[in-house]
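# Geometric and topological summary
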Amino acid sequence: MLTLDWMFFAIAGPAVVFAGVSKGGFGSGAAFASASVLALVLEPGLALGVMLPLLMLIDAATLRPYWRKWDNKDAVLLILGGLPGVALGALLYKVAEPDVFRVLIGAISVGFVVWQLANANGLVRRAQHVLPVWAGVLAGAVAGFTSFVSHAGGPPAAVYLLSKARTKTDYQATTVLVFWVINIAKFIPYAFLGMFTLQTGMANLALAPFALAGAWLGVRAHHIVPERLFFALTYVLLSITGAKLIWDGLT
């Protein structure tokens, strides 16, 4: 049951703004923290259903500022893999229990933080050579799958995109285009699975200003805010919410 009370907006409002900032300025890698936060107070499927239209609104708001600044080849490869990944996510969602997705969202959250910390401390290294075409398709498939089940497609796509020398804006623009297409592809199976209701629609209308404000802030922050500071805060949020979701799913 989704109750649009002050507690819901106190949690959902900042979470949606955070998603807009992340998707609008920092490659959407941390946007799935919003779904993790909402899943603390909502059934996971309902949290995903509330977030998708808002993510699509953010996509539409950020597409124009980055128009044609993306890498066409990489975008196509990720999309070609992402669409089958979305289909696989839809098939799995029909047979899995809600606790499975709590654990999955939590594991992705914590795993992303561990991977980033390990990379920062030199324990792992990103690819030193440009990855082949099949790697782009594979990364897209993983991104499509994780995007469907937890809106967490950013990290898999980042692994592929960051293997190449590119500007920050080129990287950002490519993620905007890729997830604009993937999120559109997710809409129909989400609707078929009953993840949209009158209540989620009302929540979307109420939260739309938060999404647009976050997108506006993200586009501007893209040029002025150090990514290190932004993601330091992200890692703290992901660690706390991810651990809590894993605990809830296993107990």
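Computed from a prediction, not measured in an experiment: that's the story for all the values here. (Residues numbered from 1 in each chain as written. Predicted model: local features only at pLDDT ≥ 70, side-chain atom pairs only at ≥ 80, totals over all residues. Heavy atoms only, no water.)

To continue, consider the overall build of the protein chain. Looking only at helices and strands, one finds ten helices and zero strands in the protein chain. Helices and strands appear in the protein chain in the N-to-C order α-α-α-α-α-α-α-α-α-α. Counting only residues that meet the buried cut, the protein chain has 52% of its 251 residues in that class. Here the protein chain displays about 11,600 Å² of accessible surface, and carbon together with sulfur accounts for 72% of that area. (Helix = DSSP H or I, 4+ residues; strand = E, 2+ residues; numbered from the N terminus. Buried < 20%, exposed > 50% of the residue type's maximum accessible area, 1.4 Å probe, protein only. Areas by Shrake-Rupley, 256 points an atom, 1.4 Å probe, with all protein chains shown as cover.)

With that settled, the discussion passes to the nonpolar core. Residues Leu48, Leu78, Phe148, Tyr160, Val178, Phe179 and Tyr190 are the most contacted members of the largest nonpolar core, which totals 33 residues. The set of elements that each furnish at least two residues to this core consists of helix H3 (44–63), helix H4 (72–93), helix H6 (133–150), helix H7 (154–161) and helix H8 (168–192). The leading source of residues in this core is H8, at eight residues. Grouped together as the second largest cluster of nonpolar side chains are 21 residues, Phe8, Ala39, Val50 and Met51 included. (Core = buried A, V, L, I, M, F, W, Y, C linked by side-chain atoms within 4.5 Å.)

A few words now on unusual backbone geometry. A positive phi angle is found at Arg68, which is not glycine, with a value near 60 degrees. Its place among the elements puts Arg68 in the loop between H3 and H4. You can call Arg68 exposed: its relative accessible area is 68%.

Averaged over the protein chain, the pLDDT score is 83; the fraction of residues at 70 or greater is 89%. Mean pLDDT across the elements of the protein chain ranges from a minimum in helix H10 (residues 227–250), with 73, to a maximum in H4, with 93. (pLDDT = per-residue confidence, 0-100.)

Secondary-structure assignment places Gly49 in helix H3. Under the relative-accessibility criterion, Gly49 is labelled buried at 0%. In this structure the C-alpha to C-alpha distance between Gly49 and Thr197, which are 148 residues apart in sequence, comes to 8.5 Å. Aside from chain neighbours lying at most four places away, what touches Gly49 is Tyr190, Met195 and Phe196. (Contact = heavy atoms within 4.5 Å.)

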